[in-house]
Amino acid sequence: MAKPSAADNRTRSSVQVFIVVGLCCFFYILGAWQRSGFGKGDSIALEITKKGQECDTVPNLSFDSHHAGEVSKIDEVDSEAKKFEPCAARYTDYTPCQDQQRAMTFPRENMNYRERHCPPEGEKLHCMIPAPKGYVTPFPWPKSRDYVPYANAPYKSLTVEKAIQNWIQYEGSVFRFPGGGTQFPQGADKYIDQLASVIPINDGTVRTALDTGCGVASWGAYLWSRNVIAMSFAPRDSHEAQVQFALERGVPAVIGVLGTIKTPYPSAAFDMAHCSRCLIPWGANDGIYMIEVDRVLRPGGYWVLSGPPINWKASYRNWQRPKEELEEEQRKIEEVAKLLCWEKKSEEAEIAIWQKTMDTESCRSRQEESGVNFCETTDV
């Protein structure tokens, strides 16, 4: 096959160069023509832009509803917010579903009378609960942890009843909360330090806690500084306004009790649960209250019990209770803890700490073999 000559190669190269130059010139001229505004596309765009700048409005544009049928118009009078008048001053402390008079009509067995019992429709009040006379804006945190205006919760009974335990002190126009409790009169901080020697509170492992029978919630208040959020609850009983004090301090708290229905918290919601002399009969009713604690604790969570019956041998005289009764009470607690596969991590002085197992599945199979009965999840 004959090879192409040098002359042929030069001719072909010249043609290619001519074509490229021709295309460049064509597109240059086309671009200039479009830029001049004579191009059809740009002339349309310019016209639309011009009209948009003039903000022309279509005169017959309607925003009325076009749904089929007659559309009723809301009466302006009916759309106004309904106003409620204040209740009488005697209702300052009224809590509808925790009314003391109503509570006494329910059975005392298993603390049923301390649970929520709401009035029927015909007995509901339709007025605004008045604030105490002289109520002022609570102090901001962190001052509110230690001080509450007296006018906001004017009840002095705890200052007398719990004086030696440093729950609360009355100082002029304010209440002061030294941070003490029945089991920690020297202050919640030192008490939490004791717990932290066993429970990893300071490294972020524990972030949520449940305080049962919280009193004025000093335990929860002092956990804030350790980045632990505590939910506290206590019944409405002879200790006037203990939950109200907690709320005025800025600590999450509700009126509540471990009774015949489960607590209003989801399963595995807390890293730690706590009872400091909370007077809950943990070993009673086949350990149903400890089973409820097990439900709300995450795997690996901790349960703290301080006060009776822990260390009953050394303390039964101070508690003024028969040692046989305390011994049996602790035996039942230990028995239920074992059935729940909790590991006892510590028992020192009057504080005992258990840890829930991480292997909940194998534990459940052992519980079924032992005859432990759990409530259905849908049965409150």
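Refer to the preceding data block for the structure.
From a predicted model like this one, the values you see are computed outputs, not experimental measurements. (Residues numbered from 1 in each chain as written. Predicted model: local features only at pLDDT ≥ 70, side-chain atom pairs only at ≥ 80, totals over all residues. Heavy atoms only, no water.)

### Looking at the packing of aromatic side chains
Taken as a whole, this structure holds twelve aromatic pairs when the rule is applied. On the basis of an interplanar angle of 65 degrees and a centroid distance of 5.7 Å, the ring pair of F177 and F245 is categorised as edge-to-face. Here the residue F177 occupies a position in the loop between β3 (174-176) and α6 (188-196), and F245 occupies one in helix α8 (residues 242-249), the gap between them amounting to 68 residues. Accessibility expressed as a relative area gives 1% for F177, which makes it buried. Judged by relative accessible area, which is 0%, F245 ranks as buried. Grouping aromatic residues by their ring pairs yields a cluster made of Y150, Y170, F175, F177 and F245. (Phe/Tyr/Trp six-rings, centres within 6.5 Å; stacked < 30°, edge-to-face > 60°. Helix = DSSP H or I, 4+ residues; strand = E, 2+ residues; numbered from the N terminus. Buried < 20%, exposed > 50% of the residue type's maximum accessible area, 1.4 Å probe, protein only.)

### As for the sheet that holds strand β6 (residues 253-255)
Overall, mixed pairing links the seven strands, which are arranged β6-β5-β4-β7-β8-β10-β9 in an open sheet. Either end of the sheet is taken by a strand with one partner, and the two such strands are β6 and β9 (343-348). Here the average twist between neighbouring strands, direction ignored, is 15 degrees. Sheet topology places strand β4 (residues 208-212) next to strand β7 (residues 270-276); four bridges connect them, and they run parallel. (Pairing = 2+ DSSP bridges. Axes fitted to C-alpha atoms, helices over the stretch in contact; angles between N-to-C directions.)

### Details of the state of the cysteines
In protein structure, a disulfide is the covalent linkage between the sulfur atoms of two cysteines. Under the criterion given, the structure shown has four disulfides. Linked covalently through their sulfurs, C97 and C118 form a disulfide whose S-S length is 1.9 Å. Taking the torsion about the S-S bond as the criterion, the C97 to C118 disulfide, at about 105 degrees, is right-handed. In this pair, C97 sits in the loop between α2 (40-54) and α3 (100-103) while C118 sits in the loop between α3 and α4 (143-146), placing the two residues 21 residues apart along the sequence. Under the relative-accessibility criterion, C118 is labelled partly exposed at 42%. Note on cysteine connectivity: C275 is disulfide-linked to C278, with sulfurs 2.0 Å apart. With the S-S bond torsion at -95 degrees, the cross-link from C275 to C278 turns out left-handed. Overall, the relative accessible area of 13% leaves C278 in the buried class. Should the bonded cysteines of the protein be numbered as they appear in the sequence, the pairing reads 1-4, 2-3, 5-6, 7-8. Cysteine C25 shares no disulfide, and the gap to the nearest cysteine sulfur, in C24, comes to 6.8 Å. For C25, a relative accessible area of 41% translates into the label partly exposed. (Disulfide = S-S within 2.5 Å.)

### Side note on the sheet that holds strand β1 (residues 147-149)
In a beta sheet, neighbouring strands pair by backbone hydrogen bonds and run either parallel or antiparallel. Read across the open sheet, the three strands follow the order β1-β3-β2; overall the sheet is antiparallel. The sheet terminates laterally at β1 and β2 (169-171), the two strands that pair on one side only. The mean angle between the axes of side-by-side strands here comes to 30 degrees, regardless of whether they run parallel or antiparallel. In the sheet, β2 pairs with β3 via three bridges, with the strands oriented antiparallel. By the bridge assignment for β3, Q169 is matched with R176.

### Things to note about the side chain of E292
By secondary structure assignment, the location of E292 is in helix α9 (residues 288-296). Taking the relative accessible area as the measure of exposure, E292 reaches 12% and is therefore buried.

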